Amino acid sequence: MSSEPASRTVTFTLASRASQLAQIQTHIVRDTLVTSFPTTTSQKYVFATSFMRTAGDKNQVQALYVLGGGADGKALWTEELEAALLRAPDESVVLSGVAAKGADDDDAPAARVDMLVHSLKDVPTTLPAGCTIGAILKREDPVDCLVVKQGLTYKSLDDLPKGSVVGTSSVRRVAQLKRKYPGLQFADVRGNLNTRMAKLDSPEGPYVAIILAKAGLVRLGMGARITADVGVPVLYHAVGQGALAVEVREGDAAVGALCKVLNHQPTEWKCRAERAMLRVLEGGCSVPVGVHSELAFVGGDEKAKLTITGTVTALDGTRHVEYTLEADVGSAEDAESAGERLARTLMENGAKEILVEITADKAARRAAEASENPKTKTT
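Criteria and thresholds
Residues numbered from 1 in each chain as written. Predicted model: local features only at pLDDT ≥ 70, side-chain atom pairs only at ≥ 80, totals over all residues. Heavy atoms only, no water. Helix = DSSP H or I, 4+ residues; strand = E, 2+ residues; numbered from the N terminus. Buried < 20%, exposed > 50% of the residue type's maximum accessible area, 1.4 Å probe, protein only. Contact = heavy atoms within 4.5 Å. Areas by Shrake-Rupley, 256 points an atom, 1.4 Å probe, with all protein chains shown as cover. Phe/Tyr/Trp six-rings, centres within 6.5 Å; stacked < 30°, edge-to-face > 60°. Pairing = 2+ DSSP bridges. Axes fitted to C-alpha atoms, helices over the stretch in contact; angles between N-to-C directions. Salt bridge = Lys/Arg side-chain N within 4 Å of Asp/Glu carboxyl O. Arc of directions from axis to C-beta. pLDDT = per-residue confidence, 0-100.

## A look at the overall build of the chain
Piece 1. When you go through the chain residue by residue, the secondary structure sums to ten helices and 13 strands.
Piece 2. Burial analysis of the chain (379 residues in total) assigns 50% to the buried set.
Piece 3. By sequence separation, contacts in the chain at least 24 residues apart represent 74% of the contacts at least 6 residues apart.
Piece 4. Total accessible area computed for the chain in this model is approximately 17300 Å², and 50% of it derives from carbon and sulfur atoms.

In structure tokens form, the structure reads like this:
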């Protein structure tokens, strides 16, 4: 009597933040991997998940603009995850049977993981040594959108009465929208998407509407709450918005092979151009840098025409620098070069002065906050 040899089991752990949206996004990646790498007679793939709270999740009081974090303000969402990714195998916490780290278990050590799933817009443009972006998935619509409080009948920003309070934690959105809507009031609103929606709909809440990334609402199944898209030329979206990224260890061949089935080349080229622009501008999620990019392939998937517009806007909306660059690209590196050229052009035409002023303003606000509350920690 013969018997089939036992399959070799290989386990990879995907990790992300603990929010509902982050978990949904991680499951999107996991499900793609499960479909792409089915169990065979010789090998069985297991794709586990692990979730944790990051510094940005834990601090829901300070405005992102002041809070900062990392070289460009984004490590707030990634630092703890990257520590788990880079953990040495012999330092790992046993993960067997653990589906997720508890949201309140902040002091528990994170097990070594193999892939980090991020909203690309939250990922610093410069990664820690040993980390790299292994894949960028096909992008959802990157546009921002307006969501009006339940029970109100306004259909667009143009309909809102003067003095209406619009919630957003993004200085990019505030700076750009002040240009066209100087009569509106903008107020910070922190928290994950579910929390922000609850704050919007609260009868006691001050918000008439909030501005959110459309992709997040769609992934959460809340697309029906979208009142209207707010796109170019009124509002240029954040770098990488709408795209999911998978961060991995450099040199991990096994994980690299998995990433090949996840990567979407057109999205990768556009997002690498956008991130290169942001890297040269030295801006983060707390700097009013906007972007819009389009890519048209010519005769296959080796050559394309990239059209990318970058914007930098003063905090009060009174000054706005905008430039559109067209470039022929044949690789991700070509796309990055185009983004770098765009950033230099913006800097030469007034963006540098705006960014210098913003840096000084942030430093002054942090100092003032620290003097008022000595226990407050900013990065």
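This is not the end of the story, as more comes after the structure.
## Some remarks on the packing of aromatic side chains
Piece 1. Counted according to the given criterion, the structure contains five aromatic pairs.
Piece 2. Ring centres of F12 and F47 lie 6.0 Å apart, and the angle between their planes is 20 degrees; on these two criteria the pair is classed as stacked. Placement of F12 in strand β1 (residues 8–17) and of F47 in strand β2 (residues 43–52) is noted, with a sequence separation of 35 residues between them.
Piece 3. Here F12 falls in the buried class, since its relative accessible area comes to 7%.
Piece 4. Classification of F47 as buried rests on a relative accessible area of 10%.
Piece 5. Taken together, a centroid distance of 6.1 Å and an interplanar angle of 5 degrees make the contact between Y45 and F47 stacked.
Piece 6. Among the aromatic residues, those joined into a cluster by ring pairs are F12, F37, Y45 and F47.

## Topic: the sheet that holds strand β12 (residues 304–313)
Piece 1. Taken in spatial order, the three strands of this open sheet run β11-β12-β13, and their pairing is antiparallel. Both outer strands of the open sheet, β11 (289–297) and β13 (320–329), are each paired with one neighbouring strand and no more. Taken over all neighbouring pairs, the strand axes of this sheet differ in orientation by 10 degrees on average, direction set aside.
Piece 2. Strand direction decides the pairing type here: β12 and β13, joined by ten bridges, are antiparallel. Among the inter-strand pairings, T309 is bridged to a residue of β13, identified as T324.
Piece 3. Against the sheet, helix α5 (residues 171–180) engages β11, β12 and β13, with an angle of about 80 degrees to β12.
Piece 4. In the packing of helix α9 (residues 265–281) onto the sheet, the strands contacted are β11, β12 and β13, and the crossing angle to β11 comes to about 145 degrees.

## Points about unusual backbone geometry
Peptide bonds are mostly trans, and most non-glycine residues show a negative phi.
Piece 1. Backbone torsion omega between V232 and P233 reads 5 degrees, so that peptide bond is classified as cis.
Piece 2. Along the chain, P233 falls in the loop between β9 (228–230) and β10 (244–249).

## Some points on the environment of P233
Piece 1. Under the relative-accessibility criterion, P233 is labelled exposed at 61%.
Piece 2. Taking the C-alpha atoms as reference points, P233 and Q176, 57 residues apart in sequence, are found 9.7 Å from one another.

## A word on the pattern of salt bridges
Opposite charge on two side chains allows them to pair when their charged atoms are near.
Piece 1. If you walk through the whole model with that rule in mind, you get 15 salt bridges.
Piece 2. Two residues, D114 and R249, come together in a salt bridge whose shortest N-O distance is 2.9 Å. Separated by 135 residues along the polypeptide, D114 in the loop between α4 (79–86) and β3 (115–119) and R249 in strand β10 bring together distant segments of the chain. The exposure classification of D114 matches that of R249, with both residues buried.
Piece 3. In this structure, D229 engages K214 in a salt bridge whose closest nitrogen and oxygen atoms are separated by 3.2 Å. Taken together, the residues span a long stretch of sequence, with D229 in strand β9 and K214 in helix α7 (residues 214–219) at a distance of 15 residues.
Piece 4. The partly exposed category is assigned to D229, whose relative accessible area is 41%.
Piece 5. One continuous salt-bridge network, built from bridges that share partners, spans R17, K121 and D122.

## What about helix α8 (residues 253–260)?
Piece 1. Residues of α8 that are buried: V255, L258 and C259. All buried residues of α8 fall inside an arc of 100 degrees around its axis, so they share one side. Those residues of α8 that are exposed and angled more than 90 degrees off the buried face are A253 and K260.
Piece 2. Looking at the buried side of α8, the elements it contacts are β1, α1 (20–36), β2, β3, β4 (131–136) and β10.

## Some words on the pairing of β11
Within a regular strand, side chains alternate between the sheet's two faces.
Piece 1. Bridging between β11 and β12 involves nine bridges; their strand directions are antiparallel. Within the sheet, the bridge partner assigned to L295 lies in β12 and is L306.
Piece 2. Where β11 folds back on β12, the antiparallel hairpin that results is connected by six residues, among which G299 adopts a positive phi of roughly 65 degrees.

## Brief notes about the confidence of the model for the chain
Piece 1. For the chain, mean pLDDT is 87; residues scoring 70 or higher make up 83% of the total.
Piece 2. In the model, residues 58–62 has pLDDT below 50 throughout and makes 14 contacts with residues more than four positions away in sequence or in other chains.

## Points about the environment of L315
Piece 1. Relative to the helices and strands, L315 is located in the loop between β12 and β13.
Piece 2. For the pair formed by L315 and P288, sequence separation is 27 residues and the distance between their alpha carbons is 7.3 Å.

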